[in-house]
Every structure is written in C-alpha cells, then in structure tokens.
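# A structural walkthrough
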Amino acid sequence: MKLEIDYIEFESEQFEQSKSFFEKAFGWSYVDYGPDYSEIRDAGVTGGLSRTESRVEPLVILKADDLDAALAEVEKAGGEIVAPIFSFPGGRRFQFKEPGGNVLAVWAEGEE
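If you're wondering where the values come from, they're calculated on a predicted model, not measured in any experiment. (Residues numbered from 1 in each chain as written. Predicted model: local features only at pLDDT ≥ 70, side-chain atom pairs only at ≥ 80, totals over all residues. Heavy atoms only, no water.)

## Brief notes about the sheet that holds strand S5 (residues 59-63)
Ordered by their spatial adjacency, eight strands build an open sheet running S2-S3-S4-S1-S5-S8-S7-S6, and the pairing between neighbours is mixed. In the strand order of this sheet, the two ends are held by strand S2 (29-32) and strand S6 (80-88), each with one partner. Here the average twist between neighbouring strands, direction ignored, is 25°. Here strand S3 (residues 37-41) pairs with strand S4 (residues 47-51) via four bridges, running antiparallel. Along S4, the bridge assignment pairs Glu 39 with Gly 48. Sheet contacts for helix H1 (residues 15-26): strand S1 (4-12), S2, S3 and S4; angle to S4, the most-contacted strand, approximately 150°. (Pairing = 2+ DSSP bridges. Helix = DSSP H or I, 4+ residues; strand = E, 2+ residues; numbered from the N terminus. Axes fitted to C-alpha atoms, helices over the stretch in contact; angles between N-to-C directions. Contact = heavy atoms within 4.5 Å.)

Below you can see the structure in the form of structure tokens.
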C-alpha cells in the first residue's frame, strides 16, 4: 500500500493573525468552515488552519482508499495510534505516532 501526502494542517493560538500573515507573505487564500477552521488554497498542497489554545506542530495527512487497511499497516509497522478512527464532514481519519515521535494522520473519503 502506498499513501501520499494529501493535506497539511496548521494550528494557531492567533488564528486571524496567522491567516493574515500567510496571505500577505505567501499569497495563500482560504475557504472558511466556521469561525475556527479555514481550508488553505493556493499553497501548492491543500491544507487547513485551525484555532487552538495550545499550538502543536503541523500535522501531515496522508490519503488512503481503504482506511481500515491503512490502520492495520501502520500498527503492523510499529505506529502508535494516538487518535482512533473518527468521522468528520467528508470522511474519516485516524492519527498515529511513528517510532521517531512524529504524529501523522491518514484519511479516506466517505462516511462510516
């Protein structure tokens, strides 16, 4: 199974300021999904920016055709599941930590 990077999420304690910075510095635009989440456009890869109270590192998200099979492969390879499969508008995803400590996510289109 081969998974490709599909989406990168950033979190910000200064949500509006981050949006403004990325827009002015890099020319990115946004599609807002409520007051706390914006999808990033025009950045070369799709991504998102969410409001948070305690920022974490950017989250790299891989796309799978079969989420359950991807979860099984991640566990088999030694990944630690840090957020089990959950649904969100448009799909489902899980998050895991690889042995070096990086947290990534895998998502698939569709509903449970």
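## Points about the pairing of S2
Of the strand pairs in this sheet, S2 and S3 are connected by four bridges, and their pairing is antiparallel. When the sheet's bridge partners are listed, Ser 29 is paired in S3 with Arg 41. Counting the residues in the hairpin turn of S2 and S3 gives four residues, including Gly 34, whose phi is positive at 90°.

## Details of the pairing of S5
Note that S1 and S5 share five bridges and pair antiparallel. Among the inter-strand pairings, Glu 9 is bridged to a residue of S5, identified as Leu 59. Sheet topology note: the S5/strand S8 (residues 103-109) ladder contains four bridges and is parallel. When the bridges of S8 are listed, Leu 62 appears paired with Val 106.

## What to know about the nonpolar core
Membership of the largest hydrophobic core is limited to eleven residues, which are Leu 62, Ala 64, Leu 67, Ala 70, Leu 71, Val 74, Phe 94, Phe 96, Leu 104, Val 106 and Ala 108. For this core, the secondary-structure elements that each account for two or more residues are helix H2 (67-76), strand S7 (91-97) and S8. Of all the elements, H2 adds the most residues to this core, at four residues. Beyond its immediate chain neighbours, meaning those up to four positions away, Leu 104 contacts Leu 59, Val 60, Phe 94, Gln 95, Phe 96 and Glu 98. (Core = buried A, V, L, I, M, F, W, Y, C linked by side-chain atoms within 4.5 Å. Buried < 20%, exposed > 50% of the residue type's maximum accessible area, 1.4 Å probe, protein only.)

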